[in-house]
Amino acid sequence: MTTDYNAIAEQYKQCKEHPWRSRIETYSLLKRLGNLEGRKVLDVACGEGFYTRKIRQCGAGEVVGIDLSEAMIRLALDQESRHPLGITYRIEDARTEGARQEFDLAVSAWLLVYARNQTELSAMCHGLASRLKSGGRFVTFTGNPNLYAFPQADYRKYGFSITLTDRLREGAPIVWTVYLDDSSFEIENYHLPMKAYETAFLEAGFQDFTVHLPEVSPHPQGVDDATFWSDYLAHPPAVLIECVKK
Ligand SMILES: C[S@@+](CC[C@H](N)C(=O)[O-])C[C@H]1O[C@@H](n2cnc3c(N)ncnc32)[C@H](O)[C@@H]1O
């Protein structure tokens, strides 16, 4: 089990091909980002650049991706050199202060789940605030802190399962097992209550903290597959959070 993406960079890239990633995660996140035309956007914990590329392809003017993992950034740079989109990638820890408050929008998919306690969460929120202009937005797709309300939920048909390995407490490990065609791998996330997220963002200088539930996109061929997605939507393992820097 890992939080070190250097070890699982290739496998993680493959798991972005699971249908829920496009039908729910990408659909919900891009819808929430809205019009990106000409925007200066930072993708925080960009991984191998899955969203960084999409954000640029959606018309963002300037896009920078940062991530802690050298292996993830190497995969992102590899894609950029094969299919240049003019994206800048850097190895950078979201918990550090940025050099300038220069971005209109900061996006992250799956960053906050790596904060094990309020101190780490606060560092992430201050790191985000230090990179955003006043009035800039932060939007994230992240683990649902209310996951403990539905411990029996079964997500295997979507390509993953979630194990709550400890009682509900700050920093309790949450293990995601991700199933690929011929292998599986585990990722460890950490529980913090929604109130901790809200408090950390407000203290770091954000306002308008809002939580949204994920949505599923219409089927591309018009097939009615609502029944397939109903378990995910009834017990959402992820939510979207957005807020605005004062
Ligand atoms: C689940 S992956 C998500 C990658 C990408 N956002 C996506 O959705 O494909 C989580 C990423 O967060 C990165 N990460 C974790 N803690 C971080 C931190 N403090 N600063 C920057 N990146 C971090 C990991 O290295 C990993 O690449």
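Structure shown above.
In this text, all values refer to a predicted model and were calculated from it rather than measured experimentally.

How each quantity is defined
All residue numbers refer to position in the chain's written sequence, counted from 1. For a predicted model such as this one, the threshold for reporting local features is a pLDDT of at least 70, and the threshold for listing and counting side-chain atom pairs is 80 or more; totals across whole chains, interfaces and linings nevertheless cover every residue. Pairing between strands requires that DSSP locate at least two bridges from one strand to the other. The secondary structure listing takes helices from DSSP runs of H or I that are at least 4 residues long and strands from runs of E that are at least 2 residues long, numbered from the N terminus. Angular values range over 0 to 180 degrees, each being the angle between N-to-C directions of two axes fitted as lines to C-alpha atoms, with helices fitted over their stretch in contact. Contact criterion: two residues are in contact if their C-beta atoms, reconstructed from the backbone, are within 7 Å. Exposure classes come from backbone-placed C-beta atoms, where a residue is buried if 20 or more other C-beta atoms lie within 10 Å of its own, exposed if 12 or fewer do, and partly exposed in between. A right-handed crossover is one whose linking path, passing over the helix from the first strand to the second, runs clockwise when the strands point away from the viewer. For this analysis, nonpolar core means a set of buried Ala, Val, Leu, Ile, Met, Phe, Trp, Tyr and Cys residues linked through C-beta atoms within 7 Å.

Asks: Run through the sheet that holds strand 1 (residues 40-44), naming residues and quoting values.
Replies: Strand pairing in a sheet relies on backbone hydrogen bonds, with the paired strands running either antiparallel or parallel. Strand order in the open sheet formed by seven strands is 3-2-1-4-5-10-9, with mixed pairing between adjacent strands. The outermost strands of the open sheet, each flanked by one partner alone, are strand 3 (88-91) and strand 9 (206-212). Neighbour to neighbour, the strand axes of the sheet diverge by 15 degrees on average, direction disregarded. In this structure, strand 1 lies alongside strand 4 (residues 103-109), joined through three bridges in parallel fashion. Residue pairing across strands places Asp-43 opposite Val-107, the latter belonging to strand 4. Against the sheet, helix 5 (residues 118-131) engages strand 1, strand 4, strand 5 (132-143), strand 9 and strand 10 (238-245), with an angle of about 140 degrees to strand 5.

Asks: Outline the pairing of strand 2 (residues 62-67), supporting the account with residue identities and numerical values.
Replies: Among the six residues of strand 2, five are classified as buried, and the element is accordingly described as predominantly covered. Pairing between strand 1 and strand 2: five bridges, direction parallel. Along strand 2, the bridge assignment pairs Val-41 with Val-63. Each parallel crossover has a hand, and for strand 1 linked through helix 3 (residues 50-57) to strand 2 it is right-handed. Here strand 2 runs beside strand 3; their pairing, made up of four bridges, is parallel. In the strand pairing of strand 3, Asp-67 is matched with Ile-91. Note on the crossover from strand 2 through helix 4 (residues 70-82) to strand 3: the handedness is right-handed.

Asks: Talk me through the sheet that holds strand 8 (residues 184-190); I want residue IDs and the actual numbers.
Replies: Ordered in space as 6-7-8, the three strands form an open sheet in which the pairing is antiparallel. Looking at strand neighbours, the two that pair on one side only are strand 6 (160-164) and strand 8, the edges of this open sheet. Each strand of the sheet is rotated relative to its neighbour by a mean of 20 degrees, with strand direction disregarded. When strand 6 meets strand 7 (residues 173-179), the two strands line up antiparallel, connected through five bridges.

Asks: Which residues make up the nonpolar core, and what values go with them?
Replies: Formed by 56 residues in total, the largest nonpolar core has its most connected members in Val-41, Val-44, Ala-106 and Leu-128. Setting aside its immediate chain neighbours within four residues, Val-44 contacts Ile-66, Ala-94, Ala-106, Ser-108, Leu-111 and Leu-128.

Asks: Describe unusual backbone geometry, and please don't skip the residues or the numbers.
Replies: Even without a glycine there, the phi angle at Ala-45 is positive, about 60 degrees. Residue position: Ala-45 is located in the loop between strand 1 and helix 3. Residue Asp-208 is not a glycine yet carries a positive backbone phi of 55 degrees. Looking at where Asp-208 falls in the secondary structure, it is placed in strand 9. C-beta crowding within 10 Å serves as the criterion here: with 12 such atoms nearby, Asp-208 is assigned to the exposed category.

Asks: Hey, could you go over the environment of Lys-54 for me, with residue numbers and the actual values?
Replies: In this structure, Lys-54 sits in helix 3. Separated by 28 residues in sequence, Lys-54 and Thr-26 have C-alpha atoms that sit 9.1 Å apart. Dropping the residues within four chain positions of it, Lys-54 is found in contact with Thr-26 and Leu-30.

Asks: Now, about the environment of Ser-130: what can you tell me, with residues and values included?
Replies: Within the element layout of this structure, Ser-130 appears in helix 5. Take Ser-130: there are 16 C-beta atoms within 10 Å of it, and that puts it in the partly exposed class. Distance in space between the C-alpha atoms of Ser-130 and Leu-233 is 34 Å, their sequence separation being 103 residues. Not counting residues up to four positions away in its chain, the partners in contact with Ser-130 are Glu-97, Gly-98 and Gln-101.

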